[in-house]
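Here is how the chains run, residue by residue.
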Amino acid sequence: MIRFDNVTKVYDQNSRPALDSVSVEIDRGDFAFLVGSSGSGKSTFIRLVLKEDRATRGAVYVAGQNVANIPSWRVPKLRRGIGVVFQDFRLLPNKTVASNVAFAMQVIGKSRAVIRETVPEVLKTVGLEGKDHRMPHELSGGEQQRVAIARAIVNKPGILLADEPTGNLDPTTSMGIMNVLDRINQNGTTVVMATHDNVIVNHMRRRVIELQDGRMVRDEAHGIYVGSQ
Ligand code: ADP
Ligand code: ADP
């Protein structure tokens, strides 16, 4: 589903690469933690998958396709197959929960009938049944992140990328978010979650890919993470 073939990313010629000769393969249906301290290259990895940046050397494949060969007019199609959530939620503040989710369907031209049917289903999946008409500011952080996840998965992407999704949440709320991501993964979506939260990683015992100063130093099927927060 995602393959990095000896990928190096250099932003600044005078400093070390953000990613240094990384080779890794994440299969369809996997759940992988991308761990490492701040500056280790996690966000760069995610941006390369989305073709928001391009590799300096090596190749990034998504769903079998070398992203370097995707022309700019087809990048939106690549990104449609990838849901993304961030630490800071990034909801539209003046739209209801339902219209935040509906918006993601409207922009790709889904019909009103399909939107009306799908939005309540996906809100149920993330545990927000009945919260359709709330505004983001009326929700807790954990609920806001659930809206962001609903929006990310509503168009049924094959891949969900989560960049520090629990970074602003307390431990109990974070576990709730992990349950949601786990459920989405069990429904067949490949999940890649960047985090430096060792409590979560050690609780979940899923695949752990560790980066240190841009280098991949570990890849374990049921790993732990000892790094500091
Ligand atoms: P992480 O997500 O693990 O915190 P990043 O991928 O954001 O790590 O950063 C990896 C390295 O690349 C850091 O040294 C960071 O300063 C550098 N970096 C990231 N983005 C840029 C950029 N747009 N321009 C220059 N350097 C960058
Ligand atoms: P506004 O555009 O004024 O924010 P709404 O939030 O009511 O209006 O609706 C925006 C979109 O969200 C509509 O396309 C509608 O289909 C969808 N939507 C709104 N409420 C619901 C709901 N309870 N269940 C499903 N879809 C909804």
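Residues numbered from 1 in each chain as written. Chains lettered and ligands numbered in written order. Predicted model: local features only at pLDDT ≥ 70, side-chain atom pairs only at ≥ 80, totals over all residues. Heavy atoms only, no water.

### Some thoughts on the sheet that holds strand S3 (residues 31-35)
An order of S6-S7-S8-S3-S9-S10 is seen for the six strands of this open sheet, with the pairing classed as mixed. Edge positions in the sheet fall to strand S6 (82-86) and strand S10 (215-220), since each of these pairs with one other strand and no more. Averaged over all neighbouring strand pairs, the angle between strand axes comes to 15 degrees, with direction disregarded. As paired strands, S3 and strand S8 (residues 190-195) are joined by five bridges and run parallel to one another. Pairing of Phe33 across the sheet is with Met193, part of S8. Where helix H1 (residues 42-49) meets the sheet, its contacts fall on S3, S6, strand S7 (159-163), S8 and strand S9 (207-212), and the angle it forms with S7 comes to roughly 150 degrees. Running over the sheet, helix H5 (residues 141-153) touches S6 and S7 and is turned about 165 degrees from S6. (Pairing = 2+ DSSP bridges. Helix = DSSP H or I, 4+ residues; strand = E, 2+ residues; numbered from the N terminus. Axes fitted to C-alpha atoms, helices over the stretch in contact; angles between N-to-C directions. Contact = heavy atoms within 4.5 Å.)

### As for the nonpolar core
Core analysis: the largest hydrophobic core is formed by 41 residues, its most contacted members being Phe33, Val101, Val119, Ile149, Met178 and Leu181. Elements with a contribution of two residues or more to this core: S3, helix H3 (97-106), helix H4 (112-125), H5, S7, helix H6 (171-186), S8 and helix H7 (198-204). Apart from the residues within four sequence positions on either side, Ile149 is in contact with Val85, Val126, Ile177, Val180, Leu181 and Ile184. With 28 residues, the next largest nonpolar core counts Ile2, Val24, Val67 and Ile209 among its residues. (Core = buried A, V, L, I, M, F, W, Y, C linked by side-chain atoms within 4.5 Å. Buried < 20%, exposed > 50% of the residue type's maximum accessible area, 1.4 Å probe, protein only.)

### Re the site of ligand 1
Around ligand 1 sit Tyr11, Arg16, Ala18, Ser37, Ser38, Gly39, Ser40, Gly41, Lys42, Ser43, Thr44 and Arg47, and those are all the residues in its vicinity. One nitrogen or oxygen atom from the main chain of Gly41 is found 3.0 Å from an oxygen atom belonging to ligand 1. Lys42 is positioned such that a nitrogen or oxygen atom in its side chain is 2.9 Å from an oxygen atom of ligand 1. When ligand 1 sits alone it has 560 Å² of accessible area, and the protein chains cover 59% of it. A breakdown of the residues in the shell around ligand 1 according to their chemical character gives two nonpolar, seven polar and three charged. (Near = heavy atom within 4 Å. Polar contact = N/O pair within 3.5 Å; in protein donor to acceptor, adjacent residues only side chain to side chain. Areas by Shrake-Rupley, 256 points an atom, 1.4 Å probe, with all protein chains shown as cover. Nonpolar A, V, L, I, M, F, W, Y, C, P; charged D, E, K, R; others polar.)

### A look at the layout of surface pockets
Size it by volume and the largest pocket reaches roughly 560 Å³. Every element with two or more residues in the lining of the largest pocket is listed here: helix H2 (75-80), S6, H3 and H5. At four residues, the largest contribution of residues to the lining of the largest pocket is made by S6. In the lining of the largest pocket, the residues fall into 13 nonpolar, two polar and five charged. (1 Å grid on protein atoms, 1.4 Å probe; cavity = no way out; pocket = protein on both sides within 12 Å on 5 of 7 lines; lining within 4 Å. Points joined across faces, edges and corners; volume = space filled by probe spheres on them.)

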